[in-house]
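What follows is the residue order along each chain.
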Amino acid sequence: MENYDLYLPTHLIFGRGRIDELPSLLPAKGSRILLAMGGGSIRRIGLYDKLRELLSDYEVFDFSGIEPNPKISTIRRAVELCKAQKIDFIVAAGGGSVIDAVKCIAAGAYYDGDPWDLVLDHSRIGRAIPFCAVLTLSATGSDYDNSGVISNSATNEKMFLAASNLFPQASILDPTYTFTVPANQTAAGSADIISHTFEQYLVKEGNPFTDAMCEGVLRTVFEYAPKAIAAPDDYEARAQLMMVSSFGCCGLLSIGRTPSPWPCHGMEHEISAFYDITHGVGLAILTPNWMRWSLTPETAPRFAQYGVRVWHLNPQDDVMKNAQKAIEKTAEFFKSIGLPSKLSEVGIDDKHFEEMADHVAKIWWSFDGALRPISRSKNCGLFSCRFRLNCAGTGASNRPKRRSAEMTKHNVFKNCHAERQQRIVKMHCGGMKSRRCSDTHAKIGGLDFRTS
Ligand code: NZQ
Ligand code: ZN
């Protein structure tokens, strides 16, 4: 059993109508509150008016226009507003992007320099404005963790900041606010929840407790995402998705397990940094390909366990066959809810693959600790190779992240700065063969990566 730290100070307030309890979470009447929001969805669902009513005893400053994959340029403007208006508290109303942005805004307001510095160097994060979240989209788990993912369009970087004081004080989770989430965002959010779970479940050593939690999350999403897409105002379906989404990134699912370098997230953040695609869409493309690539005789029992416990495959069947079936069931599920399976389907070619691979090798955790370790050669990186396979419509996509051995994702966030400072970029050819974009299929490490 691995050692772990788990610190989860956020108060989750779940259920229909719980927004009425917001005032009990706020500082003294008359305080100055920033109401942070995205591009307009909270106005369309009536949440904005409700919030203004509940905040009527406060001096409220609106900050709207936080975009998906929130940009540092937007955050800079919000930080200026917080500083100028001496904001005491922030209410973040929206999806993961709004909540993530608020974490950077909250810390940026007490920092003298550019808030992007805080993303590059977490040790610079000091005091932060306290905040709470009102979640409107089930996906990221930002409502229950201490990290925010911020994009810098000027440098094509998408990176996270994290600190122990960047948890929301409370998060209000009312599933009715997600009734209006369109089918494509519901599907992408579901893929995100699934990927968070796989990143922690598909590791060398698990344990019965967190195996069961991960399998429970997966079964929940596989059952209820199609229901929420078919009937957007199905309260039970939306509630099930919202409940499980909170636990994706808080570290709970990984306690006592082999630490994971979250390879699909390392790759996806590079892709959405360059192409600004929806996070969950990128994950839906990468995940089945990463699973196929990770499947070996040694790793097959874990995939087979997933197949038996989540997809009800026959435990008496051959382990490798069950493992393969489980992976294909996952790929079919993503397709069934309308998600793409190739980068080429979202207009991404191999132009920036080398740059992405170099960048992730510098800023992410080592992928050496992935279920199947991944190496990166200087000139023909596995990352590029994987992306090429996808752009050619042929298959696997996988690459390593940086991460030190002892950490859950929560701890990763807490310790990432120290790790970044200490890390040595390891690049070596580890027996992986590169493939060209024109390949119609590829075998790497003896495995075949055709997608169809
Ligand atoms: O901007 P508005 O108008 O609010 O519209 C949003 C946005 O266009 C819309 N939306 C949200 N709630 C809605 C709604 N539309 C109708 N009805 C509602 N109730 O949905 C669109 C996407 O919103 P966004 O917040 O971007 O989605 P999501 O929650 O998936 O957040 C994605 C961001 O979170 C990061 C991702 O990388 C990405 O930048 N992540 C954050 C993590 C964390 N903090 O721990 C971990 C994740 O792995 C992820 O990296
Ligand atoms: Zn994610």
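See the structure above.
Only a predicted model underlies this, so the values are computations on that prediction, with no experimental measurement involved. Along each chain, residues carry numbers from 1 onward, in the same order as the chain's sequence is written. Numbering of ligands from 1 and lettering of chains from A proceed in the order in which they are written. Where local features are concerned, this predicted model is filtered to residues with pLDDT of at least 70; where side-chain atom pairs are given and counted, the filter is 80 or more; whole-chain, interface and lining totals use all residues. By convention in this description, side-chain values take in all heavy atoms of the structure and omit both hydrogens and water.

Donor selection uses N, O and S atoms within 2.8 Å of the metal (3.2 Å for Na, K and Ca). Since no water is included, sites may look incomplete. The protein atoms that coordinate the zinc ion (ligand 2) are D192 (OD), H196 (NE2), H265 (NE2) and H279 (NE2), at distances spanning 1.9 to 2.2 Å. Mapped onto the sequence, the donors of the zinc ion (ligand 2) take the spacing D-x3-H-x68-H-x13-H. Residue H196 is found in helix α6 (residues 183-201), and its partner H279 is found in helix α10 (residues 279-294); the two are separated by 83 residues along the sequence. Comparing H196 with H279, the two get one shared label, buried. In DSSP terms, a helix is any run of H or I states spanning at least four residues, a strand is any run of E spanning at least two, and both are numbered starting from the N terminus. Three exposure classes are used, based on accessible area relative to the maximum for each residue type with a 1.4 Å probe and protein chains only: buried under 20%, partly exposed in between, and exposed over 50%.

Before going further, it helps to examine unusual backbone geometry. The phi dihedral of D276 is positive, around 55°, even though this residue is not glycine. Along the chain, D276 falls in the loop between α9 (263-275) and α10.

Relative to the helices and strands, S272 is located in helix α9. In the analysis that follows, any N or O atom pair within 3.5 Å is treated as a polar contact, provided that within protein one partner can donate a hydrogen and the other can accept it, and provided that, for residues neighboring in sequence, both atoms belong to side chains. At 3.0 Å, the side chain of S272 forms a polar contact with the side chain of K158. Any two residues whose heavy atoms approach within 4.5 Å are treated as being in contact. Not counting chain neighbours up to four residues away, the residues in contact with S272 comprise N69, K158 and I277.

Turning our eyes to something else, we now look at the sheet that holds strand β3 (residues 59-63). Strand pairing in a sheet relies on backbone hydrogen bonds, with the paired strands running either antiparallel or parallel. By this definition, two strands are paired if DSSP reports at least two bridges between them. Pairing is parallel in the open sheet, where six strands are placed in the order β1-β8-β5-β4-β2-β3. With partners counted over all chains shown, the strands left at the sheet margins are β1 (11-14) and β3, one partner each. Averaged over all adjacent pairs, the angle separating strand axes in this sheet is 20°, with direction ignored. As judged from the five bridges shared by strand β2 (residues 32-37) and β3, these two strands associate in the parallel manner. Paired with R32 across the strands is E59, a residue of β3. On top of the sheet, helix α3 (residues 72-85) reaches β2, β3 and β4 (89-94); it is set at about 165° to β3, its chief contact. Inter-axis angles, ranging from 0 to 180 degrees, are taken between N-to-C directions of lines fitted to C-alpha atoms, where helices are fitted over the stretch in contact. Against the sheet, helix α4 (residues 96-108) touches β2, β4 and β5 (131-135), its axis set at about 160° to β4.

Moving on, we get to the nonpolar core. Residues enter a nonpolar core if they are buried and are Ala, Val, Leu, Ile, Met, Phe, Trp, Tyr or Cys, with the set joined through side-chain atoms within 4.5 Å. One finds L34, I90 and I105 to be the most contacted residues of the largest nonpolar core, which totals 52 residues. The leading source of residues in this core is α4, at eight residues. Excluding residues within four positions of it along the chain, L34 makes contact with F61, F63, L81, C82, I87, F89, I90, V91 and I105. The next biggest cluster of nonpolar side chains, apart from the first, holds 51 residues, and it includes F222, A284, A300 and L371.

Once that is clear, we can look at the site of ligand 1. Whether a residue is near a molecule or strand is decided by its heavy atoms; if any one of them lies within 4 Å of it, the residue is near. The environment of ligand 1 is formed by 31 residues, the closest being G39, S41, G96, S97 and D145. Here a nitrogen atom of ligand 1 and a side-chain polar atom of T136 are 2.8 Å apart. Look at ligand 1: alone it shows 970 Å² of surface, and the protein chains cover 91% of it. Within the residue set of the shell around ligand 1, elements represented by two or more residues are α4, β6 (147-152), α6 and α9. Class assignment for the residues of the shell around ligand 1 results in nine nonpolar, 18 polar and four charged. A 1.4 Å probe and the Shrake-Rupley method give the accessible areas. Residues count as covered only by the protein chains that appear here. Under the grouping applied here, Gly and all other residues not named as nonpolar or charged are polar, the nonpolar ones being Ala, Val, Leu, Ile, Met, Phe, Trp, Tyr, Cys and Pro and the charged ones Asp, Glu, Lys and Arg.

Let us now look at the pairing of strand β8 (residues 170-173). Within a regular strand, the side chains alternate between the two sheet faces. Residues A170 and I172 point to one face of β8 and S171 and L173 to the other, with burial holding for every one of them. Across four bridges, the pairing between β1 and β8 is parallel. Residue pairing in the sheet places L12 in a bridge with S171 of β8. Two elements, β5 and β8, share three bridges in a ladder whose sense is parallel. Following the sheet pairing, L135 is matched in β8 by L173.

All right, on to the packing of helix α7 (residues 208-230) against helix α8 (residues 235-245) then. Interhelical geometry of α7 versus α8 gives an angle of 145° and a closest axis separation of 8 Å. As for the relative orientation of α7 and α8, their crossing is left-handed in sense. The segment α7 lies against α8, with V217, T220, V221, Y224, A225, K227 and A228 engaging E236, A237, R238, Q240, L241 and V244. The residue makeup of the contact of α7 with α8, split by class, is eight nonpolar, two polar and three charged. The crossing is said to be left-handed when, going from far helix to near helix, the turn is anticlockwise and less than a right angle, and right-handed when the turn is clockwise.

Between α6 and α7, the shortest axis-to-axis distance is 10 Å and the interhelical angle comes to 170°. For the element pair α6 / α7, the angle class is roughly antiparallel. Residues A183, T186, A187, S190, I193, I194, T197, F198 and Y201 of α6 pack against D211, C214, E215, V217, L218, V221, F222, A225, A228 and I229 of α7. Geometric relationships in this document are graded by angle, where less than 35 degrees denotes roughly parallel, more than 145 denotes roughly antiparallel, 65 to 115 denotes roughly perpendicular, and other angles denote oblique.

Let us now look at the packing of aromatic side chains. The description of two aromatic rings rests on the distance between their centres and on the angle between their planes. In this analysis, rings of Phe, Tyr and Trp, with Trp reduced to its six-membered ring, are considered paired at centre separations within 6.5 Å, and the interplanar angle assigns stacked below 30 degrees, edge-to-face beyond 60, and tilted for intermediate values. Taken as a whole and assessed by the stated rule, the structure comprises ten aromatic pairs. Among the aromatic residues, those joined into a ring-pair cluster are F222, W311, F333 and F334. For a lysine, the NZ atom is tested; for an arginine, the CZ atom; a charge sits over a ring if that atom is within 6 Å of the ring centre and within 35 degrees of the ring normal. Here the guanidinium or amino end of R16 rests over the ring plane of Y235, the centre of that ring lying 4.4 Å away. Sitting over the face of the ring of Y201, R302 holds its NZ or CZ atom 5.5 Å from the ring centroid.

On to the pattern of salt bridges, then. Salt bridge, as used here: a side-chain nitrogen of Lys or Arg that lies within 4 Å of a carboxyl oxygen of Asp or Glu. Here the structure, examined in full by the defined rule, presents 17 salt bridges. Close ionic contact of E53 with K50 constitutes a salt bridge, the shortest N to O distance being 3.9 Å. Taken as a pair, E53 and K50 lie in helix α2 (residues 47-54) at a separation of three residues, close to a single helical turn. Taken together, the salt bridges that share partners define one network made up of D20, K50 and E53.

Here E199 lies in helix α6. The exposure class of E199 is buried, given its relative accessible area of 1%. Of the polar contacts made by the side chain of E199, one reaches the backbone nitrogen of C264; its length is 3.2 Å.

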